[in-house]
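# Examination of the molecular architecture
Here is what each chain is made of, one letter per residue.
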Amino acid sequence: MNMDIATVNALPYEDFVNILGNVVEKCPIITAAVWSRRPFVNLTALETAISEFIDALPESGKEGILRCHPDLAGRDLQSGTLTRESREEQAGSGMDALNSAEASRMARLNEEYKERFGFPFVICARMNDKANILRQLSERCPNERAVERARGIEEVKKICRLRLQDLVLIDAPNKL
Ligand SMILES: NC(=O)NC1NC(=O)NC1=O
């Protein structure tokens, strides 16, 4: 799919949510909310609307967004129940091809992280390789909860930007 922004702006909300509903993983409510802010002058404006909606949420809402994310190399990957977007991102960073030592390290650190914070470790897999992800996971574990909440949300926004770029032409000419 590669629509220009004018096409996005013309979508009824049903189609808008169907097509763009997973730009934030399993959070179609965010897409549905920002539909009200059409027309968007360009892709950046749509991204900004999403970002502002997220920033306006209480901390519990931000943690809720993080909790909608599947673990990296976790149960959903094993069982084939990831969303298409997440499956492609995880495969791209080698999460589906860990050796057994890496897989058990990943699983142990993910559990440790979730135990400490009550939400999963989130990182933009498309911007990181396997070694980098494992390093960040172990480095971020000792952080404060508020630091990790903010850090996780930053990563959600990076994931969102890349997913949007797969769907909408960047700064295509608009008809406003
Ligand atoms: N936990 C986590 O970071 N999940 C993800 N990251 C990403 O880029 N795609 C995901 O599903």
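Notes on the structure follow. All values derive from a computational prediction rather than experimental measurement. (Residues numbered from 1 in each chain as written. Predicted model: local features only at pLDDT ≥ 70, side-chain atom pairs only at ≥ 80, totals over all residues. Heavy atoms only, no water.)

### Quick notes on the state of the cysteines
The line we're drawing: Sulfur atoms of two cysteines make up a disulfide when they are within 2.5 Å.
Counted according to the given criterion, the structure contains zero disulfides. C27 takes part in no disulfide bond, and the closest cysteine sulfur, belonging to C68, lies 3.9 Å away.

### Things to note about the side chain of E63
Quick note on the threshold: Here a strand is any run of E in DSSP of at least two residues, a helix any run of H or I of at least four, and the numbering for each starts at the N terminus. A simple rule labels every residue: compare its accessible area, found with a 1.4 Å probe on the protein chains alone, to the largest value its type can have, and call it buried under 20%, exposed over 50%, or partly exposed in between. Note on definitions: a residue-residue contact is assigned when non-hydrogen atoms from the two residues lie within 4.5 Å.
By the element assignment, E63 lies in helix α5 (residues 59-67). The class of E63 is buried, set by a relative accessible area of 5%. In this structure, E63 is in contact with F119, R145 and R149, ignoring residues within four places of it in sequence.

### Examining the site of the ligand
Applied cut-off: In these notes, residues near a molecule or strand are those with any non-hydrogen atom within 4 Å of it. Side-chain atoms alone can form a polar contact between residues adjacent in sequence; in general such a contact is a pair of N or O atoms within 3.5 Å, and within protein one must be able to donate a hydrogen while the other accepts it. Working definition of accessibility: Shrake-Rupley area with a 1.4 Å probe, residue cover restricted to the visible protein chains. With a 1 Å grid laid over protein atoms only, a set of points is called a cavity when a 1.4 Å probe fits there but cannot get out and a pocket when it is open yet has protein on both sides within 12 Å along at least five of seven lines; lining residues have an atom within 4 Å of a point. Any molecule with more than half of its atoms within 2 Å of a cavity's or pocket's grid points is regarded as sitting in that cavity or pocket. Any residue outside Ala, Val, Leu, Ile, Met, Phe, Trp, Tyr, Cys, Pro, Asp, Glu, Lys and Arg is labelled polar, Gly included; the first ten of those are nonpolar and the last four are charged.
The local shell around the ligand consists of P70, L72, S86, E89, Q90, F121, V122, I123, C124, A125 and I159. Between S86 and the ligand, the recorded distance is 2.6 Å, taken from a side-chain N or O atom to an oxygen atom. One of the side-chain N or O atoms of E89 is found 2.6 Å from a nitrogen atom in the ligand. Burial of the ligand by the surrounding chains reaches 100%, relative to a free accessible area of 290 Å². More than half of the atoms of the ligand fall within 2 Å of the grid points belonging to the largest cavity. Ranked by residues supplied to the shell around the ligand, first place goes to helix α7 (residues 84-92) with three residues. Class assignment for the residues of the shell around the ligand results in eight nonpolar, two polar and one charged.

### Considerations on helix α4 (residues 43-55)
Using the following cut-off: Multiply 1.5 Å by the residue count of a helix minus one, and that product is the helix's expected span.
If you check α4, its first and last C-alpha atoms are 18 Å apart, about what 13 residues at 1.5 Å a residue would give, namely 18 Å. For α4, the set of buried residues is L43, L46, E47, A49, I50, S51 and I54. Taken together, the buried residues of α4 touch α1 (5-9), α2 (13-20), α3 (28-34), α5 and α10 (145-167). By the N-cap criterion, in which a side-chain oxygen at the helix start approaches the backbone nitrogen of a residue two or three places on, α4 is capped by N42, the distance to T44 being 3.2 Å.

### Here's the deal with the nonpolar core
Most often, soluble globular proteins keep nonpolar side chains buried together rather than apart. Under the convention used in this document: We define a nonpolar core as any set of buried Ala, Val, Leu, Ile, Met, Phe, Trp, Tyr and Cys residues linked to one another through side-chain atoms lying within 4.5 Å.
Core analysis: the largest hydrophobic core is formed by 47 residues, its most contacted members being L20, V24, L46, I50 and M106. Mapped onto this core, the elements with two or more residues apiece are α1, α2, α3, α4, α5, α8 (100-117), α9 (130-140) and α10. Among the elements that line this core, the one with the most residues is α10, at seven residues. Those residues in contact with I50 that lie beyond four places of it in its chain are V23, V24, I30, V34, C160 and L164.

### Some remarks on the layout of surface pockets
To keep it simple, the criterion reads: Grid points are joined across faces, edges and corners, and a volume is the space filled by probe spheres set on the points.
Taken as a whole, the largest pocket encloses approximately 250 Å³ of empty space. Around the largest pocket, the lining comprises 16 residues; the ones closest to its centre are R84, E85, R163, D166 and L167. For the lining of the largest pocket, the elements supplying multiple residues, two or more each, are α2, α7 and α10. Each residue belonging to the lining of the largest pocket can be placed in one class, and the counts come to six nonpolar, three polar and seven charged. Taken as a whole, the second largest pocket spans an internal volume of roughly 160 Å³. Lining of the second largest pocket is provided by R67, H69, P70, D71, G74, R75, D76, E111, K114 and P120. If you list the elements that add at least two residues to the lining of the second largest pocket, you get α6 (75-79) and α8. Of the residues contributing to the lining of the second largest pocket, the split by class is two nonpolar, two polar and six charged.

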